[in-house]
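Coordinates in review
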Amino acid sequence: MDKLSDRVKRLGYSQTFVMSNKAREMKAAGIDVISLTLGEPDFDVPDNIKQAAFDAINQNYSHYSPVPGFLELREAIAYKLKRDNHLDYKPSQICVSNGAKQAILNVLASVINDGDEVLLPAPYWVSYDEMVKMMGGNSVMLPTSYVTDFKITAEQLEEAITDKTKAILFSSPCNPSGGYYTYDELQSMAKVIAKYPHVTVISDEIYEYINYETKTTSIAQFPEIYEQTAVINGMSKAFAMTGWRIGYSACPEWLAKACEKIQGQMTSGANTVAQRASITALKTDPSEYKYMIDAFKTRRDLVFDLMKEIPGFKVVLPKAAFYFFPDISHYIGKTLNGTEIKDSDDFAMFLLENAHVGCVGGVSFGSPECIRFSYAASEEDLREAMKRIKDTLAPFN
């Protein structure tokens, strides 16, 4: 008897963790692997945030919080959204979750019925498609390429929307491409979406602060779709708080209440100590944490110069986040050291086994011709990783 549900059998494992686990296994076996797989800042949590956590423990914040989070934290989030994004949300419109991933799932669970379609501009974060499957929906991929800076157009969006479309889910800045949508691009998309009030926009803005050019625009700024939009954000990337598991959604009232209902039956409120520390993080001027962004930019520029020298890589300069997403279609269809390269997942495994550099293939990102590198690593490791890849590929060009 098969005891597993159809739901779990529909799901795949996260390719990011598959590759990072493989890299760890090789390291444990004594192989000198440089892993550029996980999207995790390599900085420690800033001291003022850690102190706020110590204070919360000493003040006995050890009991359940309200399901959508402490009022003080939701007020801090509303303050941050106004200060940084020109968005007006009341605390009642905010739901604090166990990471941004849960915040996205709450929204999807609130709006998706079996068979509904969710538009995913590709490339997309690996979990998006699996989340849609989990909720019984069907993903509709909107393809892009490095030529378009991995962004869809408003015209492409309008062509994709049908009566079955229930949501569009995207990240800006984008994991994995490192690109972002400009104000004008989002305004054009908003004008299209406003024509279809049955469509909910899920805007993942977790990389908002890691932008090397300008402040990121939120699509929720456009009043014509405010009531259709869920803004997703969290503490993981800008504050190096990945393990603290605090994310949040900001939604119209009708959707915020639905998210609270879903979360109340799943996990209840998020970790109380992490919530209290997040209040301090959000109320601090973002310039206090800019040293991390400056370091990422330096690493980005370093890797870009080195990656341009790697034969067969087509690479664009990422404007945000901390990823490179080069097109490696030059190698697809070839056989390298006895390994047939059918797609970028094969190529990523080839690099891990031959160059001892871990990255993530683009198949699960919706772009089977690209691979993702995280440059949230030391400059020494980044230099060595690019050298290994260049030297490993040299004989095949």
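All residue numbers refer to position in the chain's written sequence, counted from 1. Totals for whole chains, interfaces and linings use every residue, but because this is a predicted model, local features are given only for residues with pLDDT of at least 70 and side-chain atom pairs only at 80 or more, for both listing and counting. Computation of side-chain values: all heavy atoms of the structure, hydrogens and water removed.

So, about the UniProt feature "domain: Aminotransferase class I/classII large" (unreviewed entry) in the protein. UniProt positions are given in the numbering used here, feature names are shortened, and annotations may be inferred rather than shown by experiment. UniProt's entry tags residues 32–389 with the feature "domain: Aminotransferase class I/classII large" (unreviewed entry), counted in the numbering of this structure. Think of it this way: any DSSP run of H or I at least four residues long counts as a helix, any run of E at least two long counts as a strand, and we number them from the N terminus. Its end C-alpha atoms 14 Å apart, residues 32–389 is made of 37% helix and 15% strand.

This part covers helix α12 (residues 344–354). Type-normalised accessible area, obtained with a 1.4 Å probe on protein chains alone, sets the label of each residue: buried when under 20%, exposed when over 50%, and partly exposed for intermediate values. Every buried residue of α12 is accounted for by S344, D346, F347, A348, F350, L351 and L352. Polar contacts, as counted here, are pairs of nitrogen or oxygen atoms within 3.5 Å of one another; within protein the pair requires one atom able to donate a hydrogen and one able to accept it, and residues that are adjacent in sequence qualify only if both atoms are side-chain atoms. The N-cap residue of α12 is D343: its side-chain oxygen and the backbone nitrogen of D345 are 3.0 Å apart. Of the residues flanking the end of α12, it is H356, one or two places downstream, whose phi is positive at about 60 degrees.

The next thing to look at is the sheet that holds strand β14 (residues 371–374). Pairs of strands are assigned from DSSP output, requiring at least two bridges between the strands. Strand order in the open sheet made by the three strands is β9-β14-β13, with antiparallel pairing throughout. Unpaired on one side and paired on the other, β9 (323–324) and β13 (360–361) mark the two borders of the sheet. In this structure, β9 lies alongside β14, joined through two bridges in antiparallel fashion. By the bridge assignment, Y323 is partnered in β14 with S374. When checking whether two residues touch, look at their non-hydrogen atoms; a contact exists if any pair is within 4.5 Å. Here, axes are lines fitted to C-alpha atoms. For helices the fit covers the stretch in contact, and angles between N-to-C directions go from 0 to 180 degrees. In this fold α12 packs onto β13 and β14, with an angle of close to 45 degrees to the strand it touches most, β14.

Attention now moves to the packing of aromatic side chains. Think of it this way: a Phe, Tyr or Trp ring, Trp meaning its six-membered ring, pairs with another when their centres are within 6.5 Å, and the plane angle makes it stacked under 30 degrees, edge-to-face over 60, tilted otherwise. Inspection of the entire model under this criterion finds 22 aromatic pairs. An angle of 75 degrees between the planes, with centres 5.6 Å apart, marks the rings of Y207 and Y323 as edge-to-face. Of this pair, Y207 sits in the loop between β6 (200–204) and β7 (229–234) while Y323 sits in strand β9, and the two are 116 residues apart along the sequence. Among the residues examined, Y323 registers a relative accessible area of 0% and is labelled buried. Taken together, a centroid distance of 5.1 Å and an interplanar angle of 25 degrees make the contact between Y331 and F347 stacked. With Y331 in the loop between β9 and β10 (335–336) and F347 in helix α12, this residue pair connects regions lying 16 residues apart in the sequence. Accessibility assignment for this pair places Y331 and F347 in one class, buried. Among the aromatic residues, ring-to-ring pairing joins F43, Y207, Y291, F296, F322 and Y323 into one connected group. For a Lys NZ or an Arg CZ to count as sitting over a ring, it must be within 6 Å of the ring centre and within 35 degrees of the ring normal. The ring of F70 is capped by R276, whose NZ or CZ atom sits 5.0 Å from the centre of that ring.

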